Amino acid sequence: NAQYAALNYLKFPKALSVEKVNDPGPSAGKLQAGDAIEAVDGTKIVNAEQFAKLLKTTKPDQEITIDFRRKNAPNGSTRITLGRNEDRDYGYLGIAVLDAPWAPFSIDFNLANIGGPSAGMMFSLAVIDKLTTGNLNGGKFVAGTGTIGADGKVGPIGGITHKMASAQDAGAEVFLVPAENCDEARTMPDRHMELVKVETLPQAVDALNAVASGGKPPVC
């Protein structure tokens, strides 16, 4: 979600992305998670709905050709013999797909001991900061929390005052707060961080730009 929200904000075009390849399965060793499917037997693929309809016209044991784009690699083409699945009478490809913004490179998060979805928004901001010029934080010590949807919506989290206390102890000057957590965030005692309210990823970016330029972001 963090990757998709960031790439969508940066206006990377959408593609039919492979989310998972079942192994064992017909596509194992031929397609990879992260591939973007371009065409099936010469028919250009526009979205997941069209792709599903096309697959329903196939039969088990039928061989199809899939053209794809792969991250950090040249475009490719592969022939796959469709399998059988008890719950359908058409060919089984053995992949999960999603319409999502696609980039020709992979994104990895090098953080240890992070569990749960609370870092989602901050992950998205880190991707945006990495792929754009300048620094989003404008040199300030910025911390924050919040879940992120693939559409960029920021959601509430649990235990925000504990996260805020840790951030303040570490020296944070600004803390990004999901809008639905604002009431709880204001109850933190001995607080000297500025609490910036965010509801969406674009709002978070705009707020950081305001902080960096000395402006006034929305606050809790």
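The paragraphs below set out a description of the structure included in this document. (Residues numbered from 1 in each chain as written. Predicted model: local features only at pLDDT ≥ 70, side-chain atom pairs only at ≥ 80, totals over all residues. Heavy atoms only, no water.)

Re helix α6 (residues 201-212)
An ideal rise of 1.5 Å per residue puts 16 Å on twelve residues; α6 measures up with 17 Å between its terminal C-alpha atoms. Looking only at α6, the buried set comprises Leu 201, Ala 204, Val 205, Ala 207, Leu 208, Ala 210 and Val 211. Trailing α6 by a residue or two, Gly 214 shows a phi angle of about 85°, which is positive. (Helix = DSSP H or I, 4+ residues; strand = E, 2+ residues; numbered from the N terminus. Expected span 1.5 Å × (residues − 1). Buried < 20%, exposed > 50% of the residue type's maximum accessible area, 1.4 Å probe, protein only.)

Some details on the layout of surface pockets
Its volume calculated, the largest pocket comes out at about 820 Å³. As for the largest pocket, its lining consists of 36 residues, of which Leu 111, Ala 119, Met 122, Phe 123 and Ala 126 are closest to the centre. Elements with a contribution of two residues or more to the lining of the largest pocket: α3 (120-131), β7 (142-144) and α4 (160-170). A per-class count over the lining of the largest pocket returns 22 nonpolar, nine polar and five charged. In this structure, the second largest pocket occupies an estimated 240 Å³ of space. At the level of secondary structure, the elements contributing two or more residues to the lining of the second largest pocket comprise α1 (2-9) and β1 (14-21). Here the residues of the lining of the second largest pocket sort into seven nonpolar, five polar and two charged. (1 Å grid on protein atoms, 1.4 Å probe; cavity = no way out; pocket = protein on both sides within 12 Å on 5 of 7 lines; lining within 4 Å. Points joined across faces, edges and corners; volume = space filled by probe spheres on them. Nonpolar A, V, L, I, M, F, W, Y, C, P; charged D, E, K, R; others polar.)

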